[in-house]
Amino acid sequence: MSKLLKIDFPSLLHRIPFGPRQGKIAVVLIFSLCWLSIVLVRSQVARDPAALDASSLLGLASALQQGAISGRDFQSMYGPAAQILAWIATMATTTRSALDAYGMITFVFCAASALIAAVMLLICDRISWQQCAIFYAFSILLNLFFDVFDVRTLLLLLNAAFAYRTIAAETVPRQTAWATASGLLCFVSQLVSLELGICAAIAVVCGLIAGSALTRNAVVLLEVEVFVATLAAANLGLVVLFKLTSSSYGLLFDYHSYAFEILRGFHNSMGTLWALSLVKTLVLLVVSLYVLSMCVVAAWGSDALDASLLACFAFAAVMWLKTALVSSDISQIASAFAPMIVIFSLLATIEWSFLHRRIAWFAACVLILVWPSLNLSAPLDLLKLMRGEPSAKTSIRNIYATPKPMDASLQASLVTPDLADRRQVSILAFPYDNYISAGLRRPFFAPVLESYAASTEPLERYYVRALNSQRRSGLEIVYGLDKGLVPPVGGLQAITRSPIVFEYLYKNFEIVNSEEHADGHYILRPRRQPRDAAMETMRFSILQQVVDSGTLKLKAPSTCGLVQLEIRIGYTKNPRIFRPSGMELKITNSNQFVWQGFVRPLAPDEAFVTYISPLPPRAFHKVFGEGPVQSMEWDKVEYHASTADLLGSPATRIDITAIRCVDPAKFVKAE
């Protein structure tokens with residue numbers, strides 16, 4: 001102790017080199033700790049395990065615990081990398097139950113965002129400590145990267161940073177090494193989600209080409225080939241591994257085929273109208289144009305490597321804007337514009353060098369006050385932890401050691417007398433609610449993890465084949481309320497999204513107990529013999545019709561509660577580029593309202609067959625029984641094209657060619 005007291009600490013500190021590099025590391029370290037502290041506080045917030053993102057994460061973790069890999073044994077919007085991250089978080093908890101681990105999963109994903117941001121800043125030698133500080137300040141004040149799947153946005157930016165390092169490498173071997181690393185990182189990004197991998201690949205290729213032009217170094221173009229070859233080899237190795245390790249994996253490139261089908265189905269059926277107000281949208285567009293114009297100016301007025309760095313980030317930011325073109329809710333818009341704000345923060349020190357550009361940058365800062373998630377919640381969360389509300393120790397214990405059992409009423413409604421003999425029987429939650437399998441601690445089964453994504457014929461056929469195979473070895477289905485949780489429109493029923501899947505369930509499964517359950521979940525079990533569903537054509541006359549709307553009158557009133565429609569929806573704007581809107585249906589009885597819902601095109605510009613049900617959601621489970629099912633009488637169908645915005649493709653022609661009632665004898669008039 002006496003020796004320790006004799007140490008001259010001030011002189012010791014002066015001997016430690018502390019230059020710009022050390023200052024940058026200090027800023028990144030301090031702000032990363034603050035980021036993790038904020039995430040720790042937010043992980044304590046009670047979260048709904050039935051939410052769509054939660055359902056995916058819990059399903060991914062549960063599946064991997066059983067050895068099922070995303071893309072090989074089942075299909076999902078998220079790939080093996082996201083699955084492994086969710087599994088690691090689950091295994092870090094004391095119970096190792098995915099349902100209990102939701103808080104830990106949230107923390108791990110958000111902590112991964114903080115780590116990726118730190119790596120991105122540290123490997124970009126052209127980013128100063130001042131730029132790092134401004135980046136973190138914007139991130140905290142605007143709440144840029146504190147959602148679970150914001151890890152995708154930062155992974156995209158990290159891909160751009162790797163592309164820059166490829167350009168900046170001083171020797172060809174180093175360039176090749178960075179290009180190879182870029183290919184592997186892009187592959188990992190693809191394993192998080194295919195859309196992210198596509199955006200990252202395009203951004204990297206465009207960034208390398210721009211960097212070659214800016215630095216006048218043609219060798220960089222050769223690294224494009226290295227990057228593409230690495231990415232292709234990694235994908236080939238993955239599908240070969242899938243083929244060798246699974247007896248159920250089909251064709252060699254099934255992983256890619258079905259992943260593209262999920263993207264296609266998402267484009268066709270998951271579109272939402274632009275949710276941000278016109279004024280705020282214009283502000284974001286003005287700021288984005290300012291950011292991109294400054295990146296272009298840098299190509300002429302800045303150092304070639306500085307310009308290359310901004311170019312790589314700019315290509316990534318432009319590519320990521322595409323993610324808001326289909327699902328255009330507020331949170332997705334904020335996520336899509338986040339890379340633009342990152343570049344904007346990096347421009348700060350560059351713009352300060354000139355008075356008029358400094359004024360323009362500060363003006364853009366004022367405009368950013370319209371940012372959708374702007375608030376002081378992040379600093380307040382950090383302040384709570386510093387005050388010990390709650391303490392860091394308690395917060396950590398809560399996310400890894402606190403059990404979060406499933407709701408008792410839900411668990412009671414799913415318990416059957418023979419449960420002890422069926423604990424090893426696989427269970428499928430349909431149409432959502434993957435958390436139920438984790439809560440019941442029974443084998444997890446989901447051919448397509450997000451069943452609402454199975455909205456193309458190839459995916460539905462894949463789903464049905466998996467159901468048919470699993471049914472022979474034992475399968476139960478928890479059929480839940482169609483609660484309209486999926487973003488596009490609350491009135492778009494699950495049976496409408498995935499008619500082939502529903503048709504298989506209807507014919508091959510029956511309800512165990514049709515008594516009313518307050519939670520709205522019911523057990524379906526395989527039938528001994530497939531149901532022989534009767535189809536009755538419902539004759540109608542056309543009261544009024546134009547190309548995109550009309551009114552159909554039934555020849556006789558009906559109590560049908562399960563209706564099959566044959567429809568064709570045509571478009572003039574290309575539905576493969578613009579998100580296709582659907583049609584709105586309204587069923588009435590002598591002008592008395594009965595039901596209202598939506599239909600999205602399963603095959604744009606082609607005829608398709610789907611189902612609708614005018615039954616109340618809480619009564620729909622009764623169709624899986626033998627009846628009778630009480631239903632309101634109706635005699636008229638009104639339809640018209642759904643509203644579309646500039647990003648959408650409105651339906652310009654709607655033809656309802658057939659209306660059929662499924663098992664009409666089952667439905668009786670409600671008293």
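Residues numbered from 1 in each chain as written. Predicted model: local features only at pLDDT ≥ 70, side-chain atom pairs only at ≥ 80, totals over all residues. Heavy atoms only, no water.

A count of helices and strands for the protein chain gives 24 helices and 17 strands. Over its C-alpha atoms the protein chain spans a radius of gyration of 28 Å, differing by no more than 12% from the 26 Å that the globule rule assigns to 671 residues. With respect to the three principal axes, the spread of C-alpha positions in the protein chain is 90 × 65 × 50 Å. In the protein chain, which comprises 671 residues, the share counted as buried stands at 55%. Only carbon and sulfur atoms are counted for the fraction: they give 63% of the accessible area of the protein chain, which is about 28,800 Å². A gap of 5 Å separates the mean positions of the 56 positive and 49 negative side-chain charges of the protein chain. (Helix = DSSP H or I, 4+ residues; strand = E, 2+ residues; numbered from the N terminus. Rg over C-alpha atoms; globule rule 2.2 N^0.38 Å. Buried < 20%, exposed > 50% of the residue type's maximum accessible area, 1.4 Å probe, protein only. Areas by Shrake-Rupley, 256 points an atom, 1.4 Å probe, with all protein chains shown as cover. Lys, Arg positive; Asp, Glu negative; His and termini not counted. Charge placed at Lys NZ, Arg CZ, Asp CG, Glu CD.)

Tracing the chain through its elements places T272 in the loop between α12 (254-269) and α13 (278-301). A sequence separation of 375 residues divides T272 from L647, and the C-alpha atoms of the two residues are 9.7 Å apart.

Of note, the bond from F430 into P431 is cis; its omega dihedral lies within 30 degrees of zero at 5 degrees. Mapped onto the elements, P431 comes out in the loop between β1 (426-430) and α21 (435-440). Of note in this structure, S590 is not a glycine but carries a positive phi near 55 degrees. One can find S590 in the loop between β10 (583-589) and β11 (592-599). Owing to a relative accessible area of 54%, S590 belongs among the exposed residues under this scheme. Its identity as a non-glycine residue notwithstanding, N591 has a phi of 70 degrees, on the positive side. Looking at where N591 falls in the secondary structure, it is placed in the loop between β10 and β11. Using a relative accessible area of 62% as the deciding quantity, one classes N591 as exposed.

Let us now look at the pairing of β11. Across 7 bridges, the pairing between β10 and β11 is antiparallel. Bridge assignment links E584 to a residue of β11, and that residue is F598. Linking two consecutive strands that pair antiparallel, namely β10 and β11, is a turn of 2 residues; a positive phi of about 55 degrees is found at S590 within it. (Pairing = 2+ DSSP bridges.)

To continue, consider the nonpolar core. Generally speaking, soluble globular proteins have nonpolar side chains that are buried together. W35, F313 and F624 are the most contacted members of the largest nonpolar core, which has 177 residues in total. Here the element with the most residues in this core is helix α6 (residues 102-123); it accounts for 16 residues. Every residue in contact with F313, bar those within four places of it in the chain, is listed here: M120, C124, I127, L157, A160, A161, I343 and L346. L585, V599, W634 and I659 belong to the second-largest nonpolar core, a separate cluster that totals 27 residues. (Core = buried A, V, L, I, M, F, W, Y, C linked by side-chain atoms within 4.5 Å. Contact = heavy atoms within 4.5 Å.)

Turning next to the packing of aromatic side chains. What the rule picks out here adds up to 27 aromatic pairs. Through successive ring pairs, a cluster of aromatic residues spans F430, Y463, Y479, F502, Y506, Y611, F620 and F624. When the ring centre of F146 is taken as origin, the NZ or CZ atom of R42, which lies over that ring, is 4.9 Å away. Note that K573 overlies the ring of F578, its terminal NZ or CZ placed 4.2 Å from the centroid. (Phe/Tyr/Trp six-rings, centres within 6.5 Å; stacked < 30°, edge-to-face > 60°. Lys NZ or Arg CZ within 6 Å of the ring centre and 35° of its normal.)

An order of β1-β2-β4-β3 is seen for the 4 strands of this open sheet, with the pairing classed as mixed. Two strands lie at the open edges of the sheet, namely β1 and β3 (509-511), each paired on one side alone. Direction aside, neighbouring strands of the sheet carry axes that sit 30 degrees apart on average. Pairing of strand β2 (residues 475-479) with strand β4 (residues 522-526) involves 3 bridges; the strand directions are antiparallel. Bridge pairing in β4 places Y479 opposite Y522. The strands touched by helix α22 (residues 457-473) within the sheet are β1, β2, β3 and β4, with β1 carrying the most contacts at an inclination of about 145 degrees. In the packing of helix α24 (residues 499-508) onto the sheet, contacts are made with β1, β2, β3 and β4, and the angle to β3 comes to roughly 65 degrees. (Axes fitted to C-alpha atoms, helices over the stretch in contact; angles between N-to-C directions.)

Before going further, it helps to spend a moment on a nonpolar patch on the surface. The grouping of L141, V366, L369, L374, L376, L380, L383 and M386 at the surface amounts to a nonpolar patch, some 780 Å² of accessible area in total. The biggest single contributor to the nonpolar patch is helix α18 (residues 377-387), with 3 residues. Structurally, L383 is set in helix α18. Overall, L383 belongs to the partly exposed group, its relative accessible area being 36%. (Patch = residues over 30% accessible without salt bridge, like charges linked within 9 Å, V, L, I, M, F, W, Y side chains within 5 Å. Salt bridge = Lys/Arg side-chain N within 4 Å of Asp/Glu carboxyl O.)

Within the structure shown, the criterion is met by 17 salt bridges. Overlapping salt bridges, with partners in common, bring together E510, R527, R531 and E626 in one network.

Quick look at the sheet that holds strand β16 (residues 651-662) now. Read across the sheet, 4 strands follow the order β5-β16-β8-β12 without closing on themselves; strand pairing throughout is antiparallel. Looking along the sheet, the strands with just one partner apiece sit at the ends: β5 (535-537) and β12 (607-612). For this sheet, the mean inter-axis angle between neighbouring strands, taken without regard to orientation, is 35 degrees. Direction of pairing for strand β8 (residues 563-571) relative to β16: antiparallel, over a ladder of 9 bridges. Bridging across to β16, E566 finds its partner in A658. Along the sheet, α24 makes contact with β8, β12 and β16, crossing β12 at roughly 50 degrees.

Note on placement: N268 falls in helix α12. Beyond its immediate stretch of four places on either side in the chain, N268 contacts P580, R600, P601, L602 and P604.

As a further point, take the state of the cysteines. One pass over the structure, following the stated rule, counts 1 disulfide. Across the disulfide, C560 is cross-linked to C661 (sulfur-sulfur distance 2.1 Å). Taking the torsion about the sulfur-sulfur bond, which here is approximately 100 degrees, the covalent link between C560 and C661 counts as right-handed. Note that C560 is positioned in the loop between β7 (549-558) and β8 and C661 in strand β16, a separation of 101 residues in sequence. Distance from the sulfur of C199, which forms no disulfide, to the nearest cysteine sulfur (C186) is 9.8 Å. C199 sits in the buried class, given a relative accessible area of 3%. With no disulfide of its own, C312 lies 8.7 Å from the sulfur of C124, the closest cysteine sulfur. (Disulfide = S-S within 2.5 Å.)

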